[in-house]
Amino acid sequence: MSLGQSLFLAFIISFMGLDFWNGTVYISRPVFLGPLLGLLMGDLQTGLIVGGSIELMFIGALAMGAYIPPSAPAAGAMGTIFSILAGGNPEVGIALAYPVGILMQLVGMLNWNIDIFLVTKAENCLAENKIKEAEHWHLSGILVGFLSSFIVYSLAIYLGGTAIGNFYDKLPTWFSDGMSVAAGILPAIGIASLLVSMGIKKGWPFFLIGFILSAYLGLDVMAMALLGFGIAAAIAIIRKNGKTNEDDDDDDSLQSMLSSDGEEGQKIKGKLMRRIFFRSFNTMATLNYKSYMSMGFAYAVSPALRAIYPDEKEYQDAMIRHSELFNTHPYFGNLIIGVAIALEESKAHDETITDESISSIKTALMGPLAGIGDSVFQGTYRVIFSAIGGGLAMSGNAFGPIVYIIPQIILAWGSRWLFLTRGYKYGAELIVKIRQSNIFEQFVEGATIVGMMVIATMATSFISVNLATTWDISGREFILQDILDSILPNLLPMAVVSLFYWFISKKKNGVYYCLLFSFVIGFLGAIFHFM
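As the structure is a computational prediction, the values presented were derived from the model and not from experiment. (Residues numbered from 1 in each chain as written. Predicted model: local features only at pLDDT ≥ 70, side-chain atom pairs only at ≥ 80, totals over all residues. Heavy atoms only, no water.)

(A) Broad picture of the packing of aromatic side chains. Across all of its chains, the model carries 26 aromatic pairs by this definition. Where Phe20 meets Trp21, the ring centres are 5.4 Å apart and the plane angle is 85°; that geometry is what we call edge-to-face. Phe20 gets classed as partly exposed once you look at its relative accessible area, which sits at 29%. The class of Trp21 is buried, set by a relative accessible area of 9%. With 5.1 Å between their ring centres and 65° between their planes, Phe277 and Phe278 make a pair best called edge-to-face. The ring of Phe297 is capped by Lys362, whose NZ or CZ atom sits 3.9 Å from the centre of that ring. Over the ring of Phe281 we find Arg416, and its NZ or CZ is 4.6 Å from the ring centre. (Phe/Tyr/Trp six-rings, centres within 6.5 Å; stacked < 30°, edge-to-face > 60°. Buried < 20%, exposed > 50% of the residue type's maximum accessible area, 1.4 Å probe, protein only. Lys NZ or Arg CZ within 6 Å of the ring centre and 35° of its normal.)

(B) Region of interest: the nonpolar core. Of all hydrophobic cores here, the largest spans 87 residues; its most connected members are Ile13, Phe58, Met458 and Phe500. Per element, the largest residue contribution to this core is eleven residues, and it comes from helix H19 (residues 439–462). Residue contacts for Phe58: discarding those within four places in its chain leaves Arg29, Pro70, Ser71, Ala72, Ala75, Ala97 and Tyr98. In terms of nonpolar packing, the next biggest core, distinct from the first, is built from 61 residues, Ile131, Phe326, Ala412 and Tyr424 among them. (Core = buried A, V, L, I, M, F, W, Y, C linked by side-chain atoms within 4.5 Å. Helix = DSSP H or I, 4+ residues; strand = E, 2+ residues; numbered from the N terminus. Contact = heavy atoms within 4.5 Å.)

(C) Quick look at the side chain of His322. Mapping His322 onto the fold places it in the loop between helix H14 (312–321) and helix H15 (330–347). Of the polar contacts made by the side chain of His322, one reaches the side chain of Glu344; its length is 2.7 Å. Setting aside its immediate chain neighbours within four residues, His322 contacts Ser294, Phe297, Ala298, Val301, Leu305, Ala340, Glu344, Ile358 and Lys362. (Polar contact = N/O pair within 3.5 Å; in protein donor to acceptor, adjacent residues only side chain to side chain.)

(D) Structural detail: the pairing of strand S2 (residues 476–479). Pairing analysis gives four bridges linking strand S1 (residues 470–473) to S2, with the strands arranged antiparallel. Its bridge partner being in S2, Ile473 is matched across the sheet by Arg476. (Pairing = 2+ DSSP bridges.)

(E) Expanded view of the environment of Phe519. Along the chain, the position of Phe519 falls in helix H22 (residues 510–528). It is 47 Å that separates the C-alpha atoms of Phe519 and Glu324, two residues lying 195 residues apart in sequence. Filtering out sequence-adjacent residues up to four positions away, Phe519 remains in contact with Ala95, Ala182 and Leu186.

(F) Fine view of the packing of helix H3 (residues 44–57) against helix H4 (residues 72–85). As a packed pair, H3 and H4 sit with axes 9 Å apart at the nearest point and diverge in direction by 145°. Between H3 and H4 lies a crossing of right-handed hand. Where H3 abuts H4, its residues Thr46, Gly47, Val50, Gly51 and Ile54 lie against Ala75, Gly76, Gly79, Thr80, Ser83 and Ile84. Here the contact of H3 with H4 is composed, by residue class, of four nonpolar, seven polar and no charged. (Axes fitted to C-alpha atoms, helices over the stretch in contact; angles between N-to-C directions. Left-handed = near helix turned anticlockwise from the far one by under 90°. Nonpolar A, V, L, I, M, F, W, Y, C, P; charged D, E, K, R; others polar.)

Pasting the structure below:
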């Protein structure tokens, strides 16, 4: 591959990767980025298959708190490119996915440490009342993230692309066949990781239902998702009919809050509110190990604070106040931004509201909302559409990336705007209503039903473990795989998922045991011809 082509592809991958610092819409996930790169390189089918496969491998790798998982976007992007350069062989990219993901995981950790320097510079600027300069230091975190990725990707594509193609052409048959076998097993890692994070103990009945329907009736992922949604909706309706009048009043009150317009007399509206909304997409520009999203929060609320505090000293003090440690789910961050703005507006004419009370409320909200956001938005909502989109992509269906990305965009933009505006209007009262209504607990329960049924279908549909062992008795051929299928269809895929679940839940570095197992079985199966 030429240098120009390498730089172009590296630019596309790095640009898409800016999603992490610009809103976390998840547009850089393998299920979307893989097909995009395949389309650009003239091999959409390989992009779909590799992107979908790697999406399922990394579907359970969730970034929560300070944890940076192996990079799924990097694995999907480089896996797609290397597969296409190796002549359209998906097993090449799938086999290299985890090593690439781990490499970019280290780059992500490096960025978080560099961001500490940027945040320190921004804090110094705030202390000197150089607000614009502080904001520039914050936004420079986006540039750092882009450049670090661009440099690594450029070198990897330019130096590794040709080597991968030549290397694959010279591989012995047993090695390439072993990689193909391992590629069929590897999606079980993501499925097992997902079962660990979602908690199969709570949802095992629905996992069992999903397995039975997919193994015996052949229902695909989309059909299973719709069926799961119907079951979850039916359970919700039955429970609603059994609620007390008091419970209904709480739900109606919350629904009224979420659907009503802003109060009269509030300053933040129209163009100013939209400005805060778009700034909120950059709250993670300088995400770091020292104060996490601190400077991002201050950057987002800055226009509101300027409108509330015409006095320069009061404005500076408010900016410093909101540059303290802050960390929560980025979507729910907008709810806290809205609440904080409402409190600041009240503080401007109410001396009983102190700096400490505003900081305390922010601190009290960010932890619980982070937990809800990670479990609801990242751990259930995205996972369900990753499974559906990834499954379609693995089968070569170009609608897979579309089915995945549209719900992500709707959620990222819709939830941010809703949380920001309603948080501003109702302040902390809205948080109380949300917690009283159990709305997110109900959502998680419904998503668990759908998720478990979909995961079971993924296990039967996307894990390939087929035994080639045969023997002849009295002139009649017996095929071991057919015998196992007659006992229980898809027995081996479920056995692999169960084994990987045990590795990941019981062993500290369980994922690496799963990787080792996949490749050992793959190579042994190819050498001794039992797979």
